[in-house]
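Given next are the chains, with one letter for each unit.
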Amino acid sequence: MQTSRLRLKAGLFTNYLVHGFGMIILTQNLVTLAHHWQSTLTVASFILSGIGIGRLIAYLIMGFISDRFGRKTTLLIGMITYLIFFVATPLNQSIALAYGLAILAGVANSALDSATYPLLAEINQNGTSNSVLLKAFISVGEFILPLIVLFLTEQKLWFGLSFLVPAAILLVNLANVLTINVKDAKETAAVAETSGLKLGFAKKSALTAGLFVYGYTSMAVMIWFTQWITIFAKKIDFTAAMAHFLLSLYSLGSISGVIIVVVLLKRLTIKKELFLTLNAVSLLAITTITLSTNETVSAIATFLFGLSAAGGLMQIALNTLLSIYPKHKGMLTGLFFIFGSLASFSVPIITGLIVKNPSMNIMAGDILVALVGLAVAVIMFCALPREKRANTSLADAREDINHIDAQLIDLLEQRFAAVDDVHQFKQNGQIAIKDLDRERQVLDNVAKKTKNKDLVAYNQDIIQTIMDNSRKYQASLK
């Protein structure tokens, strides 16, 4: 079982290495593809929108399939559709079919997301840190692909090899995933599937709404920055080298942020504190970038912005959402990423309108987006209960029991206070102390409310003992 889980996790991370290739492979080969399709660069660039269309169309469908027909089914759909995209795109010479293949890549992206994030939440206690780690594999793929394209160009080799490399990796991984019993992997999961995070209605509603909003802002704040930082830097008279280097610093900060977040989440139970801190750093960094005209200050702020905004905050938000509704992980993953897809669609339109006014600072709008993200982080900090730290010794476990026992004693005192009232009503109505029908109702209720069914008999035995002592207590009252 342990081997199945390790193989499954390796397969999931490998898929996102390939996904890192897929996210930029069209743009990296766009000039060559335009010629291959016998089209202009302008028309060829329109093909890129097909990925967003595919994501928007497929997220809810793939979320439903993931919840209804299984994570493995959805995972295989994503892998096979991505494989078709990688193999067919360099062979195809039709612009219409190219757009269809781009849509297929969007469908593949949505299928992988709808299967992978729920699976990582189900198969490991470190679901949040593992979800964040996906971002690192995407970044590695985005780093490797340009080097492959550059090598092929310099060696005057066929551009299609840059598509066949991820296709080959995906094909090998497909053989790995096909032979894994995903059901067994889930059954050995450390995270229980039976209950979600316990929150009051108001907190649950506010946090759910906030996290969906964060699905938009977390994507929007990054898209806004990456699309405009180079142009903005040139406009405020930074050197051309620095204007382009800022984007590299952002990427370096992103990879560093992922490593830091993964390490911290594996060692410490500080998810909500870390989420709030990084969102605050993100707001401070983008504000500094917007207002600074000093290259060194902007460079430091850009690295910190990548470290915070692009260091896995989106994945932390999604994992939190899935912990609230554990029975609908696929659908919720789809909904969450639909908001991200809307950001991909709307940010270029919004910034396109802003840039028409030369007097406006194009980066100022990103401050507002980061501010909304920070507001969601504050809601999350207030709504989430303090995380229970993992016990690392017998003394830690016993300390937990002592704390729980103290709570139980307080509740028992409250219960016996209620028994006083029950005794008074029975005395007034001349009702017998022992009521077997009532005791059966209580025990039936215990069985219904016990989520871990292996504990039903034990819980009923404990409650029966409490009722026995309640009767003794009533008999002692005058």
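What counts as what
Residues numbered from 1 in each chain as written. Predicted model: local features only at pLDDT ≥ 70, side-chain atom pairs only at ≥ 80, totals over all residues. Heavy atoms only, no water. Helix = DSSP H or I, 4+ residues; strand = E, 2+ residues; numbered from the N terminus. Buried < 20%, exposed > 50% of the residue type's maximum accessible area, 1.4 Å probe, protein only. Areas by Shrake-Rupley, 256 points an atom, 1.4 Å probe, with all protein chains shown as cover. Lys, Arg positive; Asp, Glu negative; His and termini not counted. Charge placed at Lys NZ, Arg CZ, Asp CG, Glu CD. Axes fitted to C-alpha atoms, helices over the stretch in contact; angles between N-to-C directions. Parallel < 35°, antiparallel > 145°, perpendicular 65-115°, else oblique. Contact = heavy atoms within 4.5 Å. Nonpolar A, V, L, I, M, F, W, Y, C, P; charged D, E, K, R; others polar. Expected span 1.5 Å × (residues − 1). Bend = angle between axes of the 7 residues up to and from the residue. Left-handed = near helix turned anticlockwise from the far one by under 90°. Core = buried A, V, L, I, M, F, W, Y, C linked by side-chain atoms within 4.5 Å. Salt bridge = Lys/Arg side-chain N within 4 Å of Asp/Glu carboxyl O. Phe/Tyr/Trp six-rings, centres within 6.5 Å; stacked < 30°, edge-to-face > 60°. Lys NZ or Arg CZ within 6 Å of the ring centre and 35° of its normal. Patch = residues over 30% accessible without salt bridge, like charges linked within 9 Å, V, L, I, M, F, W, Y side chains within 5 Å. Polar contact = N/O pair within 3.5 Å; in protein donor to acceptor, adjacent residues only side chain to side chain.

Details of the overall build of the chain
Scanning the chain from N- to C-terminus turns up 19 helices and 0 strands. The principal-axis extent of the C-alpha atoms belonging to the chain is close to 95 × 50 × 40 Å. Classification of the 478 residues of the chain by burial places 46% in the buried group. When the accessible surface of the chain is totalled, it reaches about 23,800 Å², and 66% of it is carbon and sulfur. Computing the positive centroid from 39 side-chain charges and the negative centroid from 28, the chain places the two 4 Å apart.

Focus on the packing of helix H4 (residues 49–69) against helix H15 (residues 329–354)
Closest axis-to-axis distance for the H4/H15 pair is 7 Å, and the angle between their directions is 170°. With respect to their mutual orientation, H4 and H15 come out roughly antiparallel. Residues Arg55, Leu56, Tyr59, Leu60, Gly63, Phe64, Ser66 and Asp67 of H4 lie in contact with H15, whose contacting residues are Lys329, Gly330, Met331, Gly334, Leu335, Phe337, Ile338, Ser341, Leu342 and Ser344. Looking at the contact of H4 with H15 residue by residue, the class counts come to 9 nonpolar, 6 polar and 3 charged.

So, H4
When the terminal C-alpha atoms of H4 are compared, their 29 Å separation across 21 residues agrees well with the 30 Å that a helix rising 1.5 Å per residue should span. A bend of about 45° at alanine 58 is the largest found in H4. Listed in full, the buried residues belonging to H4 are Gly50, Ile51, Gly54, Arg55, Ala58, Tyr59, Met62, Gly63, Ile65 and Ser66. In the segment just after H4, glycine 70 is the residue with positive phi, at about 115°.

Side note on the packing of helix H6 (residues 95–123) against helix H14 (residues 313–324)
For the pair H6 and H14, interaxial distance at closest approach is 10 Å and the crossing angle is 65°. Here H14 runs roughly perpendicular to H6, going by the angle between their axes. Helix-helix and strand crossings are classified by hand; for H6 and H14 the assignment is right-handed. Of H14, the residues touching H6 (which contributes Tyr117, Pro118 and Ala121) are Gln315, Leu318, Asn319 and Leu322. When the residues that make up the contact of H6 with H14 are grouped by side-chain class, the tally is 5 nonpolar, 2 polar and no charged.

A closer look at the environment of serine 66
In this structure, serine 66 sits in helix H4. Overall, the relative accessible area of 2% leaves serine 66 in the buried class. The contacts of serine 66, once residues within four sequence positions are left out, are Arg71, Thr74, Ser114, Ala115 and Gly330.

Focus: the nonpolar core
Note on soluble globular proteins: their nonpolar side chains tend to be buried together. Grouped together as the largest cluster of nonpolar side chains are 117 residues, with contacts concentrated most on Phe85, Phe86 and Phe305. Ignoring any residue separated from it by four or fewer positions in sequence, one finds phenylalanine 85 in contact with Ile25, Leu26, Pro90, Leu101, Ala102, Leu104, Ala105 and Phe163. With 5 residues, the next largest nonpolar core counts Ala58, Met62, Ile65 and Val107 among its residues.

Observations concerning the pattern of salt bridges
Pairing of side chains with opposite charge becomes possible as their charged atoms draw close. For the structure shown, the criterion picks out 4 salt bridges. Among the salt bridges present, the one from arginine 71 reaches aspartate 67, with a minimum N-O distance of 2.8 Å. The salt bridge partner of aspartate 437 is arginine 440, with a shortest N-O separation of 2.4 Å. Within this pair, aspartate 437 and its partner arginine 440 are both found in helix H18 (residues 436–449), separated by 3 residues, close to a single helical turn.

Quick word on the packing of aromatic side chains
Tallying each qualifying case throughout the model produces 19 aromatic pairs. The interplanar angle of 80° and the centroid separation of 6.2 Å between the aromatic rings of tyrosine 16 and tyrosine 117 together place this pair among those described as edge-to-face. You can see tyrosine 16 sitting in helix H1 (residues 2–28) and its partner tyrosine 117 sitting in helix H6, a full 101 residues away along the chain. In this pair, the class of tyrosine 16 matches that of tyrosine 117, namely buried. Through pairs of rings, three or more aromatic residues link up here, namely Tyr82, Phe85, Phe86, Trp158, Phe159 and Phe163. Taking the ring centre of phenylalanine 69 as reference, the NZ or CZ of arginine 68 above it sits at 5.2 Å. Directly above the ring of phenylalanine 381 sits lysine 272, whose terminal nitrogen or CZ lies 4.9 Å from the centroid.

Description of a nonpolar patch on the surface
Residues Val87, Leu91, Phe151, Leu157, Trp158, Leu161 and Leu164 make up a contiguous nonpolar surface patch of about 610 Å² in total accessible area. Inspection of the secondary structure assignment puts valine 87 in helix H5 (residues 71–88). Judged by its relative accessible area of 34%, valine 87 is partly exposed.

Looking at a positive patch on the surface
Where like charges cluster on the molecular surface, the positive patch consists of Lys198, Lys327, Lys449, Lys451 and Lys453. The class for lysine 451 is partly exposed, based on a relative accessible area of 42%.

Quick look at the environment of tyrosine 214
With respect to the element layout, tyrosine 214 can be found in helix H10 (residues 201–235). Accessibility expressed as a relative area gives 3% for tyrosine 214, which makes it buried. With 170 residues separating them along the chain, tyrosine 214 and alanine 44 place their C-alpha atoms 32 Å apart. If near-sequence neighbours (up to four positions away) are discounted, tyrosine 214 is found in contact with Phe275, Asn279, Leu313, Met314, Ala317, Gly373 and Val376. Of the polar contacts made by the side chain of tyrosine 214, one reaches the side chain of asparagine 279; its length is 2.8 Å.

Note that all results are geometric; they support no functional claim without further evidence.
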